[in-house]
Amino acid sequence: MLDHRIFLSDRDAVLDKLQTRGVEKDLVEQLSKLVDSRRISIQKVEKLRHELNEASAKVQAKARSGDQQAVEEARGELKALKAEIKVCEEEQNTIQQAMEALLLRCPNLPHESTPIGKDETENRQIRVVGDKPSFDFEPKAHWDIGESLGILDFERASKISGSRFVVYRGAGARLERALSNFMLDLAIESGYTEIAPPLLVRPESMLAAAQYPKFKGDSYETLDSEYALIPTSEVPLANLHRDEIIAQEDLPLRYTAFTPCFRREAGAAGRDTRGLIRQHQFNKVELVAYTHPDQSYDELERLTNNAEEVLKRLGLHYRVVSLCTGDLGFGASKTYDLEVWLPAQNQFREISSCSNCEDFQARRGKMRFRPATAEKKKNKPQLLHTLNGSGLAVGRTAVAVLENYQQKDGSVRIPEALIPYFGGELIEPNH
């Protein structure tokens, strides 16, 4: 959530930045008016409280004088002031609630290094790694490879659960498990602490992670709305330290988790209807970091490199792009997307997003750190910064392995780094 004070200090700059993110000018102006009204209301209450103190002193002085009529008049003034303060405080609370409701609808402000653009066509390519694989045959799509090998069963998954689900069979299930363990081991090797979090979370956890209210229609909730199935393990990991104050010397804190993720994909009608790219249920290894604000952009580079290491060790061709303002996720200030090459589609496709949310989630979740200083008066708790990234989406990585390592005879070669986890070098037809 944004700090409302920025609408007082630099309103025009905030308006310009939010408009690059597609926020309507009317919403910002409405929010600005509420911020002004809140400030005026606070000043009014403070003035009345000062008058109340003076009136209270007046009552005491009149009581000492023995003038009963003057005492009653002073008490009447005191009572009227208390009533006025109550009305003003209720008005202030109403303004506060309206202001916070609008703030929850505002996306994060883009970092100065985030490219300005309207959509994904204006993302900025940062680097390209590796070479495209070459084939002496027409490469097949992963769904055809998976079905011909008998390792991906979309038809039976549809019978069980409907569209956008898959049943992994035999070597397919083993490939999924091998990739998950491989990614977790790499994350732990890179200094992340493994977490096995709950898959059901409370609404306040979704709110703190900036999933609610923006994406409420995209998640699966229980009938009583008491819980939501996690759309990503970023949600529980980014709530581990909600309402806590962390010592500066304990930062950064880095966590990883392998979990299923559940999404309605409500905004993806007609997109990627075949295959593993866009599923209602998929597995992912997540990376989350809590850092000092001065170190968060160095941490973003580190986290991105950690996610890239998976692709490098698997020998996959990929590129890194910096998302423009129009393509930036709701809670992010800056995001790098890792896009892996898929031969059958003849294009790069997203396999990871690595984002710095700065203090956007921390403000919602009251996640702070206490600065390390010798002077106790100066070590007032401050909001920390949170970052997250996929390290990686397991199903999409399986797609990349199947398509990039397919052989002419219909088999799929297992990348060298994955062989110890998979337990073999090849997935063969009728395996």
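For the structure itself, look to the data block above.
The following refers to the structure shown. (Residues numbered from 1 in each chain as written. Predicted model: local features only at pLDDT ≥ 70, side-chain atom pairs only at ≥ 80, totals over all residues. Heavy atoms only, no water.)

A look at the sheet that holds strand β8 (residues 253-262)
One open sheet accounts for 8 strands, arranged β1-β10-β11-β12-β15-β9-β8-β4; its pairing is mixed. Here the strands that pair on one side only, and so sit at the sheet edges, are β1 (124-129) and β4 (193-194). Judged from the 5 bridges that link them, β1 and strand β10 (residues 318-322) form a sheet pairing that is antiparallel. If you follow valine 129 over to β10, its bridge partner there is tyrosine 318. The sheet contacts of helix α12 (residues 394-404) involve β8, β9 (281-291), β11 (334-342), β12 (347-356) and β15 (385-393), and relative to β15 the element is tilted by about 40°. (Pairing = 2+ DSSP bridges. Helix = DSSP H or I, 4+ residues; strand = E, 2+ residues; numbered from the N terminus. Contact = heavy atoms within 4.5 Å. Axes fitted to C-alpha atoms, helices over the stretch in contact; angles between N-to-C directions.)

A short note on the environment of proline 343
Its place among the elements puts proline 343 in the loop between β11 and β12. As a C-alpha pair, proline 343 and glutamate 138 span 205 residues in sequence and 9.2 Å in three-dimensional space. Those residues in contact with proline 343, other than ones at most four positions away along the chain, are Pro133, Phe135, Pro139, Glu403 and Asn404.

Examining the packing of aromatic side chains
The tally for this structure, following the rule as stated, stands at 6 aromatic pairs. Judged by centre distance (5.3 Å) and plane angle (70°), the ring pair of phenylalanine 135 and phenylalanine 137 falls under edge-to-face. The exposure class assigned to phenylalanine 135 is partly exposed, which follows from its relative accessible area of 24%. With centroids separated by 5.6 Å and ring planes inclined at 70°, the aromatic side chains of phenylalanine 182 and tyrosine 421 adopt a geometry described as edge-to-face. Here tyrosine 421 lies in helix α13 (residues 419-422) and phenylalanine 182 lies in helix α7 (residues 171-189), a separation of 239 residues in the sequence. (Phe/Tyr/Trp six-rings, centres within 6.5 Å; stacked < 30°, edge-to-face > 60°. Buried < 20%, exposed > 50% of the residue type's maximum accessible area, 1.4 Å probe, protein only.)

A short note on the side chain of arginine 364
Residue placement: arginine 364 occurs in helix α11 (residues 360-365). Here arginine 364 occupies a buried position and makes no salt bridge, while the nearest side chain of opposite charge, aspartate 359, is found at 9.7 Å. Here arginine 364 is in contact with Met1, Leu104, Leu207, Ala208, Ala210, Tyr212, Pro213 and Phe330, once residues within four sequence places are set aside. (Lys, Arg positive; Asp, Glu negative; His and termini not counted. Salt bridge = Lys/Arg side-chain N within 4 Å of Asp/Glu carboxyl O.)

Some words on the layout of surface pockets
There is about 510 Å³ of room inside the second largest pocket. Surrounding the second largest pocket, 19 residues form its lining, Met1, Asp3, Arg5, Arg363 and Leu383 being those nearest its centre. Among the elements of the structure, α4 (68-103) and α11 are those that each provide at least two residues to the lining of the second largest pocket. In terms of residues, the lining of the second largest pocket owes the most to one element, α4, which gives 4 residues. (1 Å grid on protein atoms, 1.4 Å probe; cavity = no way out; pocket = protein on both sides within 12 Å on 5 of 7 lines; lining within 4 Å. Points joined across faces, edges and corners; volume = space filled by probe spheres on them.)

Concerning helix α5 (residues 142-149)
Quick reminder: α-helices carry 3.6 residues per turn. Residues three or four places apart thus point the same way. When α5 is considered as a whole, its buried residues turn out to be His142, Trp143, Ile145, Gly146 and Leu149. Looking down the long axis of α5, one finds its buried residues gathered within 160° of arc, a one-sided arrangement. Residues of α5 that are buried sit in contact with β2 (152-153), α6 (154-161), α12, β16 (412-413) and β17 (426-427). (Arc of directions from axis to C-beta.)

Description of the packing of α7 against α12
Two measures define how a pair of helices packs: the angle their axes make with one another and the distance between the axes. With their axes 10 Å apart at the nearest point, α7 and α12 run at an angle of 115° to one another. Judged by the inter-axis angle, α7 sits roughly perpendicular to α12. Note on packing geometry: the crossing formed by α7 with α12 is right-handed. In this structure, α7 uses Leu175, Glu176, Leu179, Ser180 and Met183 to contact α12, whose residues at the interface are Val394, Gly395, Thr397, Ala398, Val401 and Leu402. Each residue belonging to the contact of α7 with α12 can be placed in one class, and the counts come to 7 nonpolar, 3 polar and 1 charged. (Parallel < 35°, antiparallel > 145°, perpendicular 65-115°, else oblique. Left-handed = near helix turned anticlockwise from the far one by under 90°. Nonpolar A, V, L, I, M, F, W, Y, C, P; charged D, E, K, R; others polar.)

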